[in-house]
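Chain residues, written in single-letter form:
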Amino acid sequence: MQIEGICRRLRIDDPRFIEIETKRRIAEKDLKDVKEFLLGRKRVKHVKAATFFDQFLDTPSLELLKRGASLRVRYKNNGSNVYLQYKGPGYHHQGILYRSQFSSGKLDHLPKPSAADGMVRLIRITLPGILKTGIPLAMKWAMRRHLGRGVVGRISRGPILCVYHKDKFEVKLGEAFLEPSIDRVHAFHVNGAGLHALASFCEYENEVKAKDDDLEVKLDHLDKLLDFDRTVIRRFRLRAEHMDKYHRCASGYSRRG
């Protein structure tokens, strides 16, 4: 019943697409110390450090932002791996964020963004074309259910660009594992005059994951997620972060507008 309730609240059918995580703000001066603290903990493995680029997409009137959703084109491995990622509206419960997350396969023909007209646009390939052929049905249905066909058809701009520097860690828990990470994010608004800095911030995130994205296993390990976080939070007095990255970046964009 708990799984059915979460799916119903998130308005999706398949619990494998549910992301469960915690988010905290990190002061930039503490970034190095938090990383060293994690590296010094037992059973914590540093998986990788990576830098990648995101282009957040929306309608001209930012309808995804207003509905609590986000859609981004992610460029990894110097642009050799490009895909779409959609996150539906979520909710917080006892300090944990629940939301749906969907990703497309690799989009080989998606071009890099161009800002010639003051707003980054998808060129040569329209978003409706990508939605028709380039993404899983579950992702397409979730977007239509959360946003409506009209909103999906109006997605045409990506005014916010982000550069991510991520350190990813792993903590094995038997059937499940934790994936703590430290993110440093630089966000920009693009217009005809070039790039304009919107925000620069650092975050600590921790997600519980399981084989085959088994939600029941994830839920069984939530106490381990919170226990792990407690030590980090107390040591560095990390404040809770209730906004996702798109909404945190866009808050600066909205104030600028």
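Higher on the page you've got the structure.
Residues numbered from 1 in each chain as written. Predicted model: local features only at pLDDT ≥ 70, side-chain atom pairs only at ≥ 80, totals over all residues. Heavy atoms only, no water.

### A few points about the overall build of the protein
In terms of helices and strands, the protein carries nine helices and 10 strands. Burial statistics for the protein: of 257 residues in total, 50% are counted as buried. Look at the contacts in the protein between residues 6 or more apart in sequence, and 68% of them connect residues 24 or more apart. Of the accessible surface of the protein, which amounts to about 12900 Å², a share of 48% is contributed by carbon and sulfur atoms. (Helix = DSSP H or I, 4+ residues; strand = E, 2+ residues; numbered from the N terminus. Buried < 20%, exposed > 50% of the residue type's maximum accessible area, 1.4 Å probe, protein only. Contact = heavy atoms within 4.5 Å. Areas by Shrake-Rupley, 256 points an atom, 1.4 Å probe, with all protein chains shown as cover.)

### Comments concerning helix α2 (residues 31–39)
Within α2, burial applies to L31, V34, F37 and L38. Projection of α2 onto a plane perpendicular to its axis shows the buried side chains occupying an angular sector of 130°, all on one side. (Arc of directions from axis to C-beta.)

### Here's the deal with the side chain of E203
Among the structural elements, E203 can be located in strand β9 (residues 194–210). Among the polar contacts listed, one links the side chain of E203 to the side chain of K23, at a separation of 3.0 Å. Every residue in contact with E203, bar those within four places of it in the chain, is listed here: K23, R24, I26, S181, I182, D183, E241, M243, K245 and R248. (Polar contact = N/O pair within 3.5 Å; in protein donor to acceptor, adjacent residues only side chain to side chain.)

### Remarks on the pairing of strand β7 (residues 157–172)
Counting buried positions along β7 yields 12 of 16 residues, so the element is predominantly enclosed. Relative to β7, strand β2 (residues 44–58) runs antiparallel, the two sharing 13 bridges. Residue pairing for β7: H46 is matched across the bridge by F169. (Pairing = 2+ DSSP bridges.)

### Observations regarding helix α1 (residues 2–10)
Those residues of α1 that sit buried are I6, C7 and L10. Down the axis of α1, the buried set is contained in an arc of 95°. They therefore lie on one face. Opposite its buried face, α1 presents the exposed residues R8 and R9, each directed more than 90 degrees away. For α1, the secondary structure elements touched by its buried residues are β1 (18–26), β5 (91–93), β6 (96–103), α5 (137–147) and α7 (215–220).

### Regarding the packing of aromatic side chains
If you walk through the whole model with that rule in mind, you get seven aromatic pairs. On the basis of an interplanar angle of 50° and a centroid distance of 5.2 Å, the ring pair of F53 and Y75 is categorised as tilted. Of the two residues, F53 sits in strand β2 while Y75 sits in strand β3 (residues 70–76), which places them 22 residues apart along the sequence. Among the aromatic residues, ring-to-ring pairing joins F17, Y86 and F102 into one connected group. Here R41 stacks its cationic end above the ring of F228, 4.4 Å away from the centre of that ring. Directly above the aromatic system of F201 lies the positively charged group of R248, at a separation of 4.2 Å from the ring centroid. (Phe/Tyr/Trp six-rings, centres within 6.5 Å; stacked < 30°, edge-to-face > 60°. Lys NZ or Arg CZ within 6 Å of the ring centre and 35° of its normal.)

### What about the packing of α2 against helix α8 (residues 222–236)?
Look at α2 against α8: their axes get within 11 Å of each other, and the N-to-C directions meet at 140°. Crossing of α2 against α8: the hand is right-handed. The segment α2 lies against α8, with D33, V34, F37 and L38 engaging F228, T231, V232, R235 and F236. (Axes fitted to C-alpha atoms, helices over the stretch in contact; angles between N-to-C directions. Left-handed = near helix turned anticlockwise from the far one by under 90°.)

### Brief notes about the layout of surface pockets
By volume, the largest pocket amounts to about 770 Å³. In this structure, the largest pocket is lined by 37 residues; those nearest its centre are E19, Q85, Q101, E207 and K209. Considering every element that reaches the lining of the largest pocket, the biggest residue donor is β6, with five residues. Residues of the lining of the largest pocket, tallied by class, amount to 10 nonpolar, six polar and 21 charged. (1 Å grid on protein atoms, 1.4 Å probe; cavity = no way out; pocket = protein on both sides within 12 Å on 5 of 7 lines; lining within 4 Å. Points joined across faces, edges and corners; volume = space filled by probe spheres on them. Nonpolar A, V, L, I, M, F, W, Y, C, P; charged D, E, K, R; others polar.)

### Notes on the nonpolar core
Within soluble globular proteins, side chains that are nonpolar tend to cluster in buried spots. Core analysis: the largest hydrophobic core is formed by 56 residues, its most contacted members being I20, L71, L84, Y86, M143 and V232. If one sorts the elements of this core by residue count, α8 sits on top with six residues. With residues near it in sequence (within four places) discarded, V232 still touches V34, F37, L38, R41, Y204, R237 and L238. Formed by 14 residues, the second largest nonpolar core is a distinct cluster that contains I160, C162, Y246 and C249. (Core = buried A, V, L, I, M, F, W, Y, C linked by side-chain atoms within 4.5 Å.)

Function cannot be read off these values alone, since they describe shape.
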